[in-house]
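Fold and geometry: a report
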Amino acid sequence: MDPLTLGADALVIGRLHLRAATTQRQAAVSALEQAHWPHPTDRRWVLLRRLKVQSGLSRIAAEAAAGTRAALDLAVHGGNPGAGDAGAVFFHDLDDLLAHLARDLALGLVGERWFWHRLAPKLLGRDWAAPGGPAARGAAVHRLLAQVPLRLAAVAERLHRLTALPAVWASLGSDGAADLAARLAHATGLDLAPRASAPEPLPEPPPAALLQRWRAAVTGLPTADARVHLSACLLLLEWRPARLAAAPVASIVAVAALLTTSTTMPPRRTLRAQPADAAARAGLTRETPPPDPARRAPSSARASAAEHAAPSAATPASTPPAPAKAGQHTTDIPAQPAAADTRAPASQQAPNPAPPNLPQPHPLLRIRDAAPTPRPAAPPAPTPASGPDEVPQPVPDGPQPIAADTWQTGPTDATPEVPIAEAGVFYLINFLNRPEAAALLAAPDTPEDGWLRLWWLGCGLGLAADGAAAGFLAARLGLDDAAGLPQTPRWPALPALLDLGRRLYAEADDLGEVHSGLWQPELLRVPGQVAHPPTHLDVRFPPSAVRLAVRLAALDIDPGWVPWLGRVVRFHYDAAEPPA
């Protein structure tokens, strides 16, 4: 089982201990397979330490589901200092989980948390063992991040919120960062190979928030260090992916020079591995935001059970359960993760305007300083480090409440999805990806920023200038509000693109009259929920939004990796139906 491939509603039972008569075991297993397990409305990953149920065959499924629901209600965030004593832990989404695991690997805190002993072997290999020295910890961090190159920017953003990005980046070392850059290049199809070049000024500086994030990670490193190079690549991929594709060498060198330019920022704080109580006192494991009253509300979906290892001589075993009474069946379901894609907002600010006396192209227009380069070959997978078998931890019989002052979430909370009444504007991504549109997109006056392309094309189809979709696109462009969108340079190829859409999606009626068909404002007017971490764009539609004509036109297929947008785009049809 690979946790990274689990679906949004997946539930995994790591190991099932069933004590029942031989003739009734299969019936008990079938009942558990058909149980109505809790399904949360959020995107959490939940790990249960153990679920113990003793019941008759007719009630075994209902009791197991009820026990799971109770465990979810007691779950605490995995970054909480009391998580090691909790019977169930949760993470807001996959990026949150990966960020906390990378932090704990870098700080040497993994061995103190039972849920990492259950999950880390699934992510890092069966031969994984809690690393000891700095080199081993850095290798483990590298092995984890190497599996998710397209999520690196999102995980780094969560690490920055945890104030752990400098520690994780330091543990990688230059060689590890160079390998991650090569994997990122292969995943995106971009030429990200480091090359020596004199830095040239950028048309406009990156947003201050992005500069602050990455400067903190590379403080004190030389510009030639691979960690600086990787940081520059990730900053550009989040901020100006089209510029990175069009002029990779010049863009990377310029951003790397900005990151290593001396500033008045305080020196980088080095985090060292330390015992759990000392780490909590230093604020390395304690989550700082105030308690969230909604945390006590019942959770559901991605609940799962994590694998329960047998006790060894080095660890005291838990008290064995009492034997089942006649006619009763006992399930012992330890827990594994359940997964979801998710997302977190990217922090962007409006680009600084050009000085009035210096004629410069508008910063949102495409630049073309270099020709595209061949796609690099995939680097070899990292060789797993060998180590002893995992050390089992004593397991209580059920979820254990922890102190009230530790019932709180962390600074990596997933941002709520944005409701948008015209979420069909994202169908236009598939239109812009069509080969017929390639020539129009290759024009030198094509907007550099992909969000601006969606704005102008949506405008041509009647996108509301004051709607939630326009506000979402304005935020991605770093504008204060949607009122600034009409002031951006108009896309000269827009009339030709609109005409191409009319011809591609035209329909003929029974009399042979040709109409615009799908290519009209109704295409955009589909309610949806949009989540946008630095690396992904997830659009969730209600099931009723499925339209046969849109499906036949391939407008609602998953675009996947979109180079000109710098995001992995996914369409989901699992959102709640809008109120009547």
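In this text, all values refer to a predicted model and were calculated from it rather than measured experimentally.

A word on the packing of aromatic side chains
Here the structure, examined in full by the defined rule, presents 15 aromatic pairs. Each ring, one from Phe541 and one from Tyr573, has its centre 5.2 Å from the other, and the planes form 25°; the classification is stacked. Remark: Tyr573 occurs in the segment after β13 (567–572) and Phe541 occurs in the loop between β11 (536–540) and α18 (548–552); sequence separation between them is 32 residues. For Phe541, a relative accessible area of 0% puts it in the buried group. Put simply, the rings of Phe91, Trp114, Phe115 and Trp116 pair up and form one aromatic cluster. The aromatic ring of Phe472 is capped on one face by Arg476, whose charged end is 4.5 Å from the ring centroid. The aromatic ring of Tyr573 is capped on one face by Arg551, whose charged end is 6.0 Å from the ring centroid.

Some details on unusual backbone geometry
A positive phi angle is found at Thr163, which is not glycine, with a value near 55°. Within the secondary structure, Thr163 is located in the loop between α6 (152–161) and α7 (165–188). For Thr163, a relative accessible area of 48% corresponds to the partly exposed category. Its identity as a non-glycine residue notwithstanding, Ala554 has a phi of 60°, on the positive side. Looking at the element boundaries, Ala554 is found in the loop between α18 and β12 (560–562).

Observations concerning the sheet that holds strand β7 (residues 418–420)
Spatially, the five strands line up as an open sheet ordered β7-β10-β11-β13-β12, and their pairing is mixed. Each of the sheet's edge strands pairs with one partner strand only, and the pair in question is β7 and β12. Between one strand axis and the next, the sheet turns by 25° as a mean value, whatever way the strands run. Judged from the three bridges that link them, β12 and β13 form a sheet pairing that is antiparallel. Considered in β13, the bridge of Trp561 is made with Val568.

What about the sheet that holds strand β2 (residues 45–48)?
What the three strands build is an open sheet, ordered β2-β5-β4; its pairing is mixed. At either margin of the open sheet sits one strand with a lone partner, and together these are β2 and β4 (76–77). Sheet analysis places β2 next to strand β5 (residues 88–91), joined by four bridges and oriented antiparallel. When the bridges of β5 are listed, Val46 appears paired with Phe90. In the packing of helix α3 (residues 94–107) onto the sheet, contacts are made with β2, β4 and β5, and the angle to β5 comes to roughly 110°.

What counts as what
- Residues numbered from 1 in each chain as written.
- Predicted model: local features only at pLDDT ≥ 70, side-chain atom pairs only at ≥ 80, totals over all residues.
- Heavy atoms only, no water.
- Phe/Tyr/Trp six-rings, centres within 6.5 Å; stacked < 30°, edge-to-face > 60°.
- Helix = DSSP H or I, 4+ residues; strand = E, 2+ residues; numbered from the N terminus.
- Buried < 20%, exposed > 50% of the residue type's maximum accessible area, 1.4 Å probe, protein only.
- Lys NZ or Arg CZ within 6 Å of the ring centre and 35° of its normal.
- Pairing = 2+ DSSP bridges.
- Axes fitted to C-alpha atoms, helices over the stretch in contact; angles between N-to-C directions.
- Contact = heavy atoms within 4.5 Å.

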